[in-house]
Every structure is written in structure tokens, then in C-alpha cells.
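A look at the structure
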Amino acid sequence: MPDATIVIATYNRKDDLRRAVASALQQYGDIEVLVLDDCSTDGTGEMVQTEFPAARYICAEQNVGYIVNRNRAADLATSPILISIDDDAEFSTTDVISQTLQNFNDPRIGAVAIPFIDVKVSPAIRQAGPDAESTWLIASFIGTAYAIRKDVFSQVGRFREEFRHQGEESDLCLRMLDQGYVVRRGTSEPILHHESPKRVRTRIMKYASRNWVIGILYGYPMPEMLLHLAVKNFNALRLCFRRASLAPLQGMLAGYAHALPRLKQRNPVRRSTLALFERLRRGGPLSLEEAAIPPTSAGN
């Protein structure tokens, strides 16, 4: 059994993907590399199978979105830890995975937010803790740089596939926290994220607004649900004016249209869980000890 599985979900980014797979295969340790192709039409499959025969390549029969493919990884991976990077990212050194695995040193740690740099935006390292001595927590990881226990991922229900794009990480991490598992800030060398020019900003804004509404309606307790919906509605409208785009409003309305007829799926977390999640999201660094997560609540 490999120590970890690197999961790379991809769609029509052959040139970006080449760099990602090459860096994944260079990682030290017994590492499995799994490429999940969302039915690309740019020769991705031929490139991976020809240039990187050591990687496992799986192609979807139809385009279903990266969230579905990342969920499939839990069924396909043969290791206990899933490590996900975007197809436009790469590992900065050959030690990132081995360093990340050392961060799973407590059964309450369900996931690790791996440090990363948005190369085209800023040299700042995101998701890193203030030091490596303590176990520092974060509300949620970013999809381009995280590691998660496969059993915990499945236990909490995986990503909501109805999201399709955007916002799946926070929703999952909130449910994970409700079951006693935290997200730790990583201490490894960073992942380098080279944001692809093929990203469609209007689609990102639309799905982000849509999925925030769905996540709140499904998972937030009362009365906090009403307050958070009001804030998200206001933010979506403000974003419409700032970006001169109706995409956030369209996404918000689509979220209500999708979730309201399905409120039987509503399974809110505890109010104490949401309070801790918001403290982690809004406040400064918080250690595992300060968060006071009971050791017995994480059924590792």
C-alpha cells in the first residue's frame, strides 16, 4: 500500500498538467499518482500515458466536473491519504509529500492545508502556520493544496457533487469539524500554483455564490442560517457592482432554486461547531489545544 495518493483532476490543460504530473512523480517515498481526466479533448490522455506511464490515468466517460472526480479518487486510491493539487500547480521540492505526512501526528487531524504560493499573484505563502512547533488550525483548506485522510473524507460524506464547481472545501471542512476532525496548517515546503489563463471568472463567481447558498441552507443551524444568508446575499449584490457582472446574482438565485425544494436534505451542524468554524475563519491563528477538540470525539 502506498503512503499517499496524489490526485490531479484535469480538463483540457495538457501543458499545465505535464508540469504537475512531472513534479508529482518526483516526490520522495512510496507515492501513487492518480490523474483523473474529465473527458478532455486536447490530447491529455495520450500525453499522460505516453510521457508518464508510472501515473495511473483514468478518463471519465463524460464531463462531470472536478468535484465528482475528486470524490472518485477515494474509490480509486490505494493509500490512506489523498493529496490533491490542481492541474496548474506543482510541488516546489521533492519533500513536500513526506513533510506533509508528518503533519498527521494526531488522530483529530482530518486534513492538512498544505502551504502554497499563488505565483502570479503574490510571493506570500498561504495556509502556513506562524511556526512549526505548535499544531495550528485553519477553518478550511484550498482545493489546490490539501491532504486528507481517506476514511475521514468518506465518513463525512465527501464533497457535495451537486456543487460541481467552487466552494466544496469549506462545506466539507465544516461537516468534518462537526465530527471532531480539524484542518491543520501545514509545515511543508509550499506548492506552487500557476493559475491557468483558461479559468473563467464569471463561472467561478456564479458557482461560488450558488454553492454558498446551498451550503448554508443545508448545513447551518438556526438562527445563524438566516444571518449568514443575509450577509451572502448582500455580498453577492455588492460583487455584481464591483465586477460589473450579473454572475454572482445569477448564482445566488440558482442556489435558492436548487436548495429550497430539497430542504429535506438539511442536516445542520451544531451551533458550537459553526461558532468555532467562524472563529477559525475570521480570527487569528488558533492552536489545537486552544480549540479544545476532545480527543475521544475523533473516531480514528
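Residues numbered from 1 in each chain as written. Predicted model: local features only at pLDDT ≥ 70, side-chain atom pairs only at ≥ 80, totals over all residues. Heavy atoms only, no water.

1. Remarks on the overall build of the chain
Assigned secondary structure in the chain consists of 11 helices and 13 strands. Over its C-alpha trace the chain gives a radius of gyration of 19 Å, about what one expects of a compact globule, namely 19 Å for 300 residues. The principal-axis extents of the C-alpha atoms in the chain amount to approximately 55 × 45 × 35 Å. A sequence separation of at least 24 residues applies to 78% of the contacts in the chain between residues at least 6 apart. If you sum the accessible surface of the chain, you get close to 13500 Å²; carbon and sulfur atoms cover 53% of it. A gap of 9 Å separates the mean positions of the 36 positive and 34 negative side-chain charges of the chain. (Helix = DSSP H or I, 4+ residues; strand = E, 2+ residues; numbered from the N terminus. Rg over C-alpha atoms; globule rule 2.2 N^0.38 Å. Contact = heavy atoms within 4.5 Å. Areas by Shrake-Rupley, 256 points an atom, 1.4 Å probe, with all protein chains shown as cover. Lys, Arg positive; Asp, Glu negative; His and termini not counted. Charge placed at Lys NZ, Arg CZ, Asp CG, Glu CD.)

2. Re the sheet that holds strand β12 (residues 191–193)
Read from one edge to the other, the open sheet built from 4 strands follows the order β5-β12-β7-β8, with strand pairing classed as mixed. Two strands lie at the open edges of the sheet, namely β5 (89–91) and β8 (125–126), each paired on one side alone. Of the pairings in the sheet, the one linking strand β7 (residues 116–118) to β12 comprises 3 bridges and is parallel in character. Note on β12: the bridge partner recorded for Ile-117 is Leu-192. (Pairing = 2+ DSSP bridges.)

3. A word on the packing of helix α7 (residues 201–219) against helix α9 (residues 247–259)
Orientation of α7 relative to α9, taken along the N-to-C sense of each, is 35°, at an axis distance of 7 Å. Between α7 and α9 lies a crossing of right-handed hand. Contact residues: α7 offers Thr-202, Met-205, Lys-206, Ser-209, Arg-210, Val-213, Ile-214, Leu-217 and Tyr-218, while α9 offers Ala-247, Pro-248, Gln-250, Gly-251, Met-252, Ala-254, Gly-255, Tyr-256, His-258 and Ala-259. Of the residues belonging to the contact of α7 with α9, the class tally is 11 nonpolar, 6 polar and 2 charged. (Axes fitted to C-alpha atoms, helices over the stretch in contact; angles between N-to-C directions. Left-handed = near helix turned anticlockwise from the far one by under 90°. Nonpolar A, V, L, I, M, F, W, Y, C, P; charged D, E, K, R; others polar.)

4. Some remarks on the packing of helix α6 (residues 168–178) against helix α10 (residues 271–282)
It is at 9 Å that the axes of α6 and α10 come closest, and there the two elements cross at 125°. Taken together, α6 and α10 sit at an angle that is classed as oblique. Crossing angle aside, the handedness with which α6 passes α10 is right-handed. Within the contact between the two elements, α6 uses Ser-170, Cys-173, Leu-174, Leu-177 and Asp-178 and α10 uses Thr-273, Leu-274, Leu-276 and Phe-277. Each residue belonging to the contact of α6 with α10 can be placed in one class, and the counts come to 6 nonpolar, 2 polar and 1 charged. (Parallel < 35°, antiparallel > 145°, perpendicular 65-115°, else oblique.)

5. Digging into the pairing of strand β3 (residues 56–59)
In this sheet, β3 lies alongside strand β2 (residues 31–37) in parallel orientation, the contact comprising 4 bridges. Bridge pairing in β3 places Leu-36 opposite Ile-58. In the classification by handedness, the crossover that spans β2, the intervening helix α2 (residues 44–51) and the parallel β3 is right-handed. (Right-handed = clockwise from strand over helix to strand, strands pointing away.)

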